[in-house]
Structures are given as structure tokens and as C-alpha cells.
Amino acid sequence: MSSSSSSDCAQAVTLVVRDGNSTCIKAELSASLSITYNTSNGTSTARVSLPDSTTVDTSSSSCGGDGSSPWLVGVFGAGHTLGLGFSTNGSLYSVANLTLQYNLSDSSIFPDANSSDVVTLVSSSVGIWARVNTTYRCVSPASFAVGGATVTFSDMKMEAYMPGDDLSPNESVCIADQTSTTAPPPPVITTTSPTPVPTPPGTPERGNYNVTNNGTECLLAQMGLQLNVSYLSVSQNKVVQEIVNMHPNLTSASGSCTASSATLVLTQEQTTNLTFVFTLNSTSNKYHLSSLTLAAAWPDMTAPFLASNSSLEYLQSSVGRSYMCNAEQTLVVVPTFSLNTFRLQMQPFGVTSHQFATAEECQMDQDQMLIPIIVGAALAGLVLIVLIAYLIGRKRSHAGYQTI
């Protein structure tokens, strides 16, 4: 059995985090929460909006520093909190963590709850990105899953790592606002010209990347990478397609490894972040690339670009073996982003002695190996046919000159 309880409509709140007299985080937003909880008769869903009485929790909020991240934590009601943790790579800042804490003993929000616990939920990398020294703006509602709850932001203007006390007039606008709030331009008469096809930049250089865990290499990768991205261009005021090579000498590698997953993060010039996540199936003893994420802030983009897919089935191989594909592969992630790989060899599990294990080759490489075999067999067959024809013709020629 399930039921629901709700509060008033979402109200706009303004929250500011300061370090002394300096402002480092400011947010103007509305937020609504949907929380499913257990009751004596089953489950119920509480729907509550962030009230205008929400204040900054000064004990949990900070501007960061000394290895800690900046945090904005709003507190409301009977000890409920909503927190945003930030990170930056120098050119972009993002919401790295979204937290929700609620007190089930608050019967005004959670009537008939069968527990009085304080529940804390955490979600990471929710997809809110902006350029440093710009305000993130998203009027459109955006919902994020946090454990068994959902947080929906709207009418949001926010900036972290602020150089001054006021929100920057320069804005990084979310994709939803770009597609839903931009008024169409007035019709004009133009001559039709074909859409230019992006010129490929050539085959990318092969890079060597690795991830270490407690001083031991746990992931090895050698590959050339090419990004195929469609985005809204500032200079052309339309969606353009751009093909960009990753340059190994400008790219740094980081990541992590566990028993069932491995992550490789490639960062190029602080404007491009490419994240690979590999997952191991312990039942079949096979692994595959399960997730790819691209975050980019290129000069001609109207807003930071973020594309991600966590349900992929690429680059499959067995534990104790590496995956190899010398042929060019195209890994489609989302309609606006695909990744081309060249001369790829990768091993995210079972690395020993700093070397790749025996490789399992991709189907394209196997097919390419079959081509010369087939051609060679065809030529051999042709030579055999010619030889047989020659011998038969020679025998007939000798028979014509027999002595009478």
C-alpha cells in the first residue's frame, strides 16, 4: 500500500557561503523533493519544497581549501539538509556531489513513518557544469536521483569559486534552456548551401596511459583517440560537428581500480575530460566498457558540453587477457558524441608485470586477417587451374604427333 503527502509549491531561496567578507558560493534557486519512505502499512511518498526559510548551515558549508572541497548546505525544517559539493579543473566547475538528509521523526513531512532515523543520501557527478567565472543558469526543471529520492531544481542561478560578491553577468546556460527558451529568429530569405562536412584532422597519435592502485599498475591502455562532437556554436549560431584528436603529450591520465570496476580519466589542457568505466562480470569472467563520459569547454561552445552513457557493451574481453583492435572503431555514445579509436590495446583487469596479457582481437581485425588468406587461396586456385589446363593442352599436342 502506498500514499503520498505534499507541501506547498517550490519557492525561490537565496543561499550564500562566505569566507570572512568574501563570497565564494551563491545560489538562487527553487527545489522540490520527492522522498519514498516506509510506513506501518507499506510505503508513502513525501513531496516537499525547499521553503524560503531555508538558511545556510554554517557548520557544514565552506569555501574549501587545504585539500577540502567547497560546500553549500541548506538547512530547513526539523534538521533536513540539501547539500551541493563542488570541484574544478581550473576551467570548469561542477557539482561533484549532491546530498540529501532528512529526519523521519518529522511527522509534518513523514506522517506514519515507522522509523525516526535521520537518513543521508549521496549522489555524485549530477551533470551540472559551468565555466569558471560564469554563472550556471537553468530555468527549466532538472531532476536528479539521490538514492531513493528525487531532487528537482528550477529557476536556478548559481556560481562557485566566485571572484567577487555578485553572480557573474556571463552565463553558462544549461542545454534544456538552450532548446526550450530560445525564441526562434525571424524568417529570412537565404540561398541554400550544403552543410559543410567537418574535415577529419588525420589519424590521431597513439598514446600510452595507465592507472595505478597503491603503487601498482592496474589498468594499461595504448590508443589513438578522436572525438566527434556536435554542439551549438557561438560564432556560427547553429549546431556544428567538430572532429578533434586527443594529443598524448597534452593529456594526463588518472583513475581508480576495484575488484569489479576500473576507471580511466583523460584530461587534455583542462578543457576536455574523457572518462572510461570498465565493468567486470564475475560470473562469466568477462569485462567490457560500460560507460563513457565527455565533459568539454571549448572556446566556441555556448555552454559546457556534457555527454554520458552508462549502458554500453563495447571492448569486451576475458579476464587475464587484453583487448586489441588495430582497425578504426567508432563507439557511439549519444547522438551528439561518438569516439573513434585507432590501434587500441587495453587491459583494465588482471595486469601483471607492467605488460599486456595475450590479446583477444576485435572482429574487424580478424576479418582483415582473413582477406589476404582468401585472396591467396583464390590466386593459388587460379594458378592450379592454369597449370592443369596447360598439362591437358600439352598432352593433346603430343598425341597429334604420334608415328603412324
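Residues numbered from 1 in each chain as written. Predicted model: local features only at pLDDT ≥ 70, side-chain atom pairs only at ≥ 80, totals over all residues. Heavy atoms only, no water.

1. A short note on the overall build of the protein
Counting its regular elements, the protein contains 2 helices and 27 strands. Here the protein holds 404 residues, and 42% of them are scored as buried. Expressed as a percentage of contacts within the protein between residues at least 6 apart in sequence, the contacts between residues at least 24 apart total 56%. A total accessible area of about 21600 Å² is found for the protein, and carbon and sulfur atoms account for 53% of it. (Helix = DSSP H or I, 4+ residues; strand = E, 2+ residues; numbered from the N terminus. Buried < 20%, exposed > 50% of the residue type's maximum accessible area, 1.4 Å probe, protein only. Contact = heavy atoms within 4.5 Å. Areas by Shrake-Rupley, 256 points an atom, 1.4 Å probe, with all protein chains shown as cover.)

2. A few points about the packing of aromatic side chains
Evaluation of the coordinates by the stated rule reveals 6 aromatic pairs. A ring pair is formed by Tyr 93 and Tyr 161, whose centres lie 6.3 Å apart and whose planes are at 55°; its orientation type is tilted. With a gap of 68 residues between them, Tyr 93 in strand 8 (residues 92-103) and Tyr 161 in the loop between strand 13 (149-160) and strand 14 (171-173) connect regions that are remote in the sequence. In this structure Tyr 93 comes out as buried when scored by relative accessible area, which is 2%. A relative accessible area of 28% places Tyr 161 in the partly exposed class. Relative to Phe 153, the ring of Phe 144 has its centre 6.1 Å away and its plane inclined at 55°; by these criteria the two rings are tilted. (Phe/Tyr/Trp six-rings, centres within 6.5 Å; stacked < 30°, edge-to-face > 60°.)

3. Thoughts on the confidence of the model for the protein
Scored by pLDDT, the protein comes out at a mean of 85, with 86% of its residues at no less than 70. Note that pLDDT drops below 50 for residues 180-195; the model gives that stretch 3 contacts with residues more than four away or on any other chain. (pLDDT = per-residue confidence, 0-100.)

4. Observations concerning the pairing of strand 8
Walk down a regular strand and you will see the side chains alternate between the two sheet faces. For strand 8, the tally of buried residues reaches 9 of 12 residues, placing the bulk of the element in the interior. Inspection of the sheet shows strand 7 (residues 80-88) paired to strand 8 by 8 bridges, in the antiparallel sense. Note that in strand 8 the partner of Thr 81 across the bridge is Gln 101. Taking the residues between adjacent antiparallel strands as the criterion, strand 7 and strand 8 are bridged by 3 residues, where Gly 90 takes a positive phi near 105°. Note that strand 8 and strand 10 (residues 129-131) share 3 bridges and pair antiparallel. (Pairing = 2+ DSSP bridges.)

5. Some points on the pattern of salt bridges
This model, assessed by the stated rule, comprises 3 salt bridges. For the salt bridge of Glu 171 with Lys 157, the shortest nitrogen-to-oxygen distance reads 4.0 Å. Taken together, the positions of Glu 171 in strand 14 and Lys 157 in strand 13 put the pair 14 residues apart, joining distant regions of the chain. The class of Glu 171 is partly exposed, set by a relative accessible area of 32%. Each of Arg 137, Lys 157 and Glu 171 takes part in one network of salt bridges that share partners. (Salt bridge = Lys/Arg side-chain N within 4 Å of Asp/Glu carboxyl O.)

6. Observations regarding the nonpolar core
Core analysis: the largest hydrophobic core is formed by 44 residues, its most contacted members being Met 223, Leu 264, Leu 274, Phe 276 and Phe 337. Broken down by element, the residue count for this core peaks at 8 residues, all from strand 16 (residues 216-232). Excluding residues within four positions of it along the chain, Phe 337 makes contact with Leu 227, Asn 228, Val 229, Leu 274, Leu 294, Phe 305, Ala 307 and Val 332. Formed by 43 residues, the second largest nonpolar core is a distinct cluster that contains Leu 15, Ile 35, Ala 142 and Ala 149. (Core = buried A, V, L, I, M, F, W, Y, C linked by side-chain atoms within 4.5 Å.)

7. As for the environment of Val 319
Relative to the assigned elements, Val 319 resides in the loop between strand 23 (314-318) and strand 24 (322-325). The exposure class assigned to Val 319 is partly exposed, which follows from its relative accessible area of 35%. Between the alpha carbons of Val 319 and Gln 347 there is a distance of 8.7 Å; along the sequence they are 28 residues apart.

8. Quick word on the state of the cysteines
Overall, the coordinates contain 4 disulfides when judged by the stated rule. Here Cys 325 is linked by a disulfide to Cys 362, with a sulfur-sulfur distance of 2.1 Å. Across the S-S bond of Cys 325 and Cys 362 the torsion is about 70°, and the bridge reads as right-handed. In this pair, Cys 325 sits in strand 24 while Cys 362 sits in the loop between strand 27 (359-361) and helix 2 (363-399), placing the two residues 37 residues apart along the sequence. Assessed through its relative accessible area of 5%, Cys 362 is described here as buried. Once the bonded cysteines of the protein are numbered in order along the sequence, the disulfide links fall as 1-2, 3-4, 5-6, 7-8. (Disulfide = S-S within 2.5 Å.)

9. Some remarks on unusual backbone geometry
Residue Asn 133 is not a glycine yet carries a positive backbone phi of 70°. By secondary structure assignment, the location of Asn 133 is in the loop between strand 10 and strand 11 (135-138). Located in the positive-phi region is Leu 315, a residue other than glycine, with phi close to 50°. When you line up the elements, Leu 315 lands in strand 23.

10. Remarks on the pairing of strand 2 (residues 13-19)
With 7 bridges connecting them, strand 2 and strand 3 (residues 22-39) associate as antiparallel partners. Bridge pairing links Leu 15 to Ala 27 in strand 3. Where strand 2 hands over to strand 3, the hairpin turn is made up of 2 residues, of which Gly 20 adopts a positive phi near 70°.

11. Focus on a nonpolar patch on the surface
Residues Leu 384, Leu 387, Ile 388, Tyr 390, Leu 391 and Ile 392 make up a contiguous nonpolar surface patch of about 580 Å² in total accessible area. Within the secondary structure, Ile 392 sits in helix 2. (Patch = residues over 30% accessible without salt bridge, like charges linked within 9 Å, V, L, I, M, F, W, Y side chains within 5 Å.)

12. Section: the environment of Asn 273
Inspection of the secondary structure puts Asn 273 in strand 20 (residues 272-281). Along the backbone, Asn 273 and Ala 297 are 24 residues apart, and their C-alpha atoms lie at a distance of 9.2 Å. Other than its neighbours up to four places away in sequence, Asn 273 contacts Asn 89, Val 265, Leu 266, Thr 267, Thr 293, Leu 294 and Ala 295. Here the side chain of Asn 273 touches Thr 267 through a polar contact of 3.0 Å, side chain to side chain. (Polar contact = N/O pair within 3.5 Å; in protein donor to acceptor, adjacent residues only side chain to side chain.)

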